[in-house]
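# Structure at a glance
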Amino acid sequence: AYPAKSEVAITRRTDLPRLYRKLQWGVDAVIWIAFAATAFGAQLLMDLLYPDSYAASGHYLGLLSLACLAQRFDTIGELLTALGDSRAGAVAAAIRTVGLCLAMSFGWAMAGIDGLIICSALHPILAAPYMIWKARRHLPALRVSVDIVAFLIIGTVGMSFLFNA
């Protein structure tokens, strides 16, 4: 998707919000299907394919399914890079790095190894508010609102996993 965004950003910048919207709908569909399949099918898959000694790994794979949701905001980073704002990617990487260190500590304190895995899987969304803020001038207000709602939904799903761990 990045080459398409770059091409449109160079040749038809006014079409970029429409392209982003179309790509984001596809990304959203894929990540939610991958999340659901992994979250609800991981244990079944591990039970079918592996001996009982691997049963616990199905539980951990289900927790890692949250990483699928965290990928949702990668398209915003690609959009900003295509528009020439590479500094936003560097700042987002710094936010994610600091966030990972803090989130792992928080997750461990909240729920032990399960909390650590959950927070590690979700740490990329910590940079999402910054990325949404940076992209707001390139996207229609409704699209920015959809991104904010997606951030809140994914955060809520992650917190529900954490509090049920």
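Residues numbered from 1 in each chain as written. Predicted model: local features only at pLDDT ≥ 70, side-chain atom pairs only at ≥ 80, totals over all residues. Heavy atoms only, no water.

## Details of the overall build of the chain
Counting its regular elements, the chain contains eight helices and zero strands. Taken from N to C terminus, the helices and strands of the chain fall in the order α-α-α-α-α-α-α-α. Structurally, the chain occupies a C-alpha span of about 55 × 30 × 25 Å along its principal axes. Out of the 165 residues in the chain, the part that is buried amounts to 38%. A separation of at least 24 residues holds for 75% of the contacts in the chain among residues at least 6 apart in sequence. Accessible surface for the chain amounts to roughly 8,900 Å². Of this, 69% is attributable to carbon and sulfur atoms. Separation of charge centres in the chain, based on 13 positive and 10 negative side chains, amounts to 15 Å. (Helix = DSSP H or I, 4+ residues; strand = E, 2+ residues; numbered from the N terminus. Buried < 20%, exposed > 50% of the residue type's maximum accessible area, 1.4 Å probe, protein only. Contact = heavy atoms within 4.5 Å. Areas by Shrake-Rupley, 256 points an atom, 1.4 Å probe, with all protein chains shown as cover. Lys, Arg positive; Asp, Glu negative; His and termini not counted. Charge placed at Lys NZ, Arg CZ, Asp CG, Glu CD.)

## So, the pattern of salt bridges
One pass over the structure, following the stated rule, counts six salt bridges. Notably, a salt bridge pairs Arg 72 with Asp 28, separated by 2.9 Å at the nearest N-O pair. Of the two residues, Arg 72 sits in the loop between α4 (66–70) and α5 (74–82) while Asp 28 sits in helix α2 (residues 16–49), which places them 44 residues apart along the sequence. Across the pair, Asp 28 and Arg 72 agree in class, each one buried. When the shortest N-O distance is used, the salt bridge between Arg 143 and Asp 147 registers 3.4 Å. Taken together, the residues span about one helical turn, with Arg 143 and Asp 147 both in helix α8 (residues 141–163) at a distance of four residues. Sharing partners across several salt bridges, the network here consists of Asp 28, Arg 72, Arg 143 and Asp 147. (Salt bridge = Lys/Arg side-chain N within 4 Å of Asp/Glu carboxyl O.)

## Observations concerning the packing of aromatic side chains
Counted according to the given criterion, the structure contains five aromatic pairs. When the ring of Trp 32 is compared with that of Phe 35, the centres are 5.8 Å apart and the planes differ by 90°; the resulting orientation is edge-to-face. In this pair, Trp 32 and Phe 35 both sit in helix α2, three residues apart, roughly one turn of the helix. Trp 32 sits in the partly exposed class, given a relative accessible area of 32%. Judged by its relative accessible area of 6%, Phe 35 is buried. A centroid spacing of 5.4 Å and a plane angle of 50° characterise the contact between Tyr 50 and Tyr 54, whose relative ring orientation is tilted. Classification of Tyr 54 by relative accessible area gives partly exposed; the value is 44%. Cluster of aromatic residues (ring-pair linked, three or more members): Trp 32, Phe 35 and Phe 161. Its end group placed over the ring of Trp 25, Arg 143 keeps NZ or CZ at 5.9 Å from the ring centre. (Phe/Tyr/Trp six-rings, centres within 6.5 Å; stacked < 30°, edge-to-face > 60°. Lys NZ or Arg CZ within 6 Å of the ring centre and 35° of its normal.)

## A look at the packing of α5 against helix α7 (residues 128–135)
The contact between α5 and α7 brings their axes to 10 Å, and the two run at 40°. In terms of orientation, α5 lies oblique with respect to α7. In the crossing of α5 with α7, the sense of the turn from one axis to the other is left-handed. Contact residues: α5 offers Ile 76, Gly 77, Leu 79 and Leu 80, while α7 offers Met 131, Ile 132, Lys 134 and Ala 135. Classifying every residue of the contact of α5 with α7 by side-chain character gives six nonpolar, one polar and one charged. (Axes fitted to C-alpha atoms, helices over the stretch in contact; angles between N-to-C directions. Parallel < 35°, antiparallel > 145°, perpendicular 65-115°, else oblique. Left-handed = near helix turned anticlockwise from the far one by under 90°. Nonpolar A, V, L, I, M, F, W, Y, C, P; charged D, E, K, R; others polar.)

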